Each structure stands twice: as structure tokens, then as C-alpha cells.
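Here is how the chains run, residue by residue.
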Amino acid sequence: MNYYRFSTIQPQKAEAVLPLRKRRILPALQWVALWCLLWLALLPVATAATIEMQLQQHVEQELTQFLQQLGRPAQQQDIQLTVPAAVANSQCDNLQISRRQQQEPPLGRVSYTLSCSSPQRWQSRATARVELWLELVVAGRTLERDEVLTQDMLSLQSLPISSIRRGLEFDSDALLGMTVRRRINLGSPVSRHLLHANWLVQKGAQVTVQFSGEGFAVSTKALALSNGQLGERISVQNLSSGQIIDAIVVGADLVETGHK
């Protein structure tokens, strides 16, 4: 970032007294000259600001696309740009901005290539430090190995994600019933690579289906057509009628549905 300081140019007092007509014209010419000098002094700053503004807009657009892919809004974002001093004295009518690993999210320290083709050809590099805060699933308490996750063990918290390269989890319900692989400290992000599936219902196993309604509750036997975790909806086939129904896993080899 370059900073510029400007000094006000004061017009000198005339040595001689001019005729009245000329005295009226002279101050106007002085003001024109003064504005020209100020405009020329401000020109490099405007150029630098334009290049930095374009880079800022480019990074923001990349973040917008990343968030659209995630389908989540940002809680907060911070972008800090470093543009070489030489760029401040350059003019560019057609600035191209690119970076390597375009498929990776623009997070952390990101290096950009600035290329100009008009009015002169030049190339430079700039860096951006980008941080993004998203609401993630975290441990509501310290989670020990082999614990089966329930809703009271998890919470949501806004965290910076530049150092979290995988396993962004936004919905705690999707993790319920999974088993902790290793200890997760209070407030730490909970991601799937720290967990493993704990199937309460195995595909092909015989399960008990509970039917419930107003004033009645019955059960029957069915065949599980897929694996299921706690709270997950799966398809089962009634062994008596052969009918395929959707049911929710509520326990080991136990599912529940409201339809008989």
C-alpha cells in the first residue's frame, strides 16, 4: 500500500499592479494551473487505487462463487491486499488477474498474477490474505473415543476456515449416530474424518417396524434395504405383505413409521 501526501500551492503575490482587466483574468489562470498540478499529482494514486480495487473485486467474486458452491452465507470475511510499489506508477486499460490452483478456494495467503497488455505490456504479482468465517458444527463438550454422537454433544459456532482444509460440517443432524474415532476437544470442529458410521441397521438384516398412530401401536418384521444410522430414513420391505415403506431408525434393528 502506498501513501501520498500533498502540499497546497499558494499563488505568489504580484510585484506590480496590473490594469484592472488583467487583474480579473490572472486569478482564474492561477486556479486552472493549480488544479492541473493537483490532478497530475493525484494521477498515480488513482491508478494504484484502480488496480487494487480490481484485485479486491476479483477476490470478492471468487469468495462469492465458493460460498455459492457451499450453499452457505459467510458470517464474516477479511481481505488484506499487498500490491507492489511499482504497480502504483503503472497504467493499465486491460488488467488480467489469475492464480494457480484455480479450483482451490481463495483462503489463507493467495498469490495472484497481474498482467497488463495496454497501453504498455507488464506483469507483476500481488498477494492477498483472505479469511472467511462460517458457522460450523463443533463439539459442545469434550468427546471421547467410541462415543456415539447425540444432539446434546454438538453445537454450532462461527469459526475461521482458512486452516480447515477438509470436513466442513454445517448440519449437526447429519452426524447423529456416528461414532467418535479419537478425542475431540470442546469447541473443536467435528468433521467426518474424525468419525465413523455406526450402523444401527445393516442392509439385509431383519428389523422390527413399529407403527404408531392415534390410540394404537403395532409392530411387524421387515427386511432392511439399506444401512441406517440413528435418525436416518431408510427403506424396508414388509416380510408379510412385501410392501416397501420408508421408516426412521430409532434403535438397533428398530425402525419406526407412522404408516401401516
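Summarised in this report is the structure supplied together with it. Just so it is clear, the model here is predicted, and its values are computed rather than measured.

Ranked by size, the top nonpolar core spans 30 residues in total, and within it Leu55, Leu114 and Trp122 carry the most contacts. Counting residues per element, the ones that place at least two in this core are α1 (20-70), β1 (76-82), β2 (95-98), β3 (108-116) and β4 (122-139). No other element matches the 8 residues that β4 contributes to this core. Contact partners of tryptophan 122, with chain neighbours within four places excluded, come to Ile51, Val87, Ser90, Gln91, Cys92, Leu95, Leu114, Ser115 and Cys116. Grouped together as the second largest cluster of nonpolar side chains are 14 residues, Leu143, Leu154, Met178 and Ile184 included.

Our focus in this paragraph is the state of the cysteines. The final tally for this structure, using the stated rule, is 1 disulfide. Paired by a disulfide, cysteine 92 and cysteine 116 hold their sulfur atoms 2.3 Å apart. Judged by the sign of its S-S torsion, about 110 degrees, the cystine formed by cysteine 92 and cysteine 116 is right-handed. Taken as a pair, cysteine 92 in the loop between β1 and β2 and cysteine 116 in strand β3 lie far apart in primary sequence, 24 residues in all.

Spatially, the 5 strands close up into a barrel ordered β8-β9-β10-β11-β12, and their pairing is mixed. Each strand axis lies, on average, 55 degrees off the axis of its neighbour in the sheet, ignoring direction. Here 4 bridges tie strand β8 (residues 206-213) to strand β12 (residues 254-257), and the two strands are oriented parallel to one another. Of the residues in β12, the one forming a bridge with threonine 208 is leucine 254.

Criteria and cut-off values
Residues numbered from 1 in each chain as written. Predicted model: local features only at pLDDT ≥ 70, side-chain atom pairs only at ≥ 80, totals over all residues. Heavy atoms only, no water. Core = buried A, V, L, I, M, F, W, Y, C linked by side-chain atoms within 4.5 Å. Buried < 20%, exposed > 50% of the residue type's maximum accessible area, 1.4 Å probe, protein only. Helix = DSSP H or I, 4+ residues; strand = E, 2+ residues; numbered from the N terminus. Contact = heavy atoms within 4.5 Å. Disulfide = S-S within 2.5 Å. Pairing = 2+ DSSP bridges. Axes fitted to C-alpha atoms, helices over the stretch in contact; angles between N-to-C directions.

Shape descriptors only; they carry no functional weight alone.
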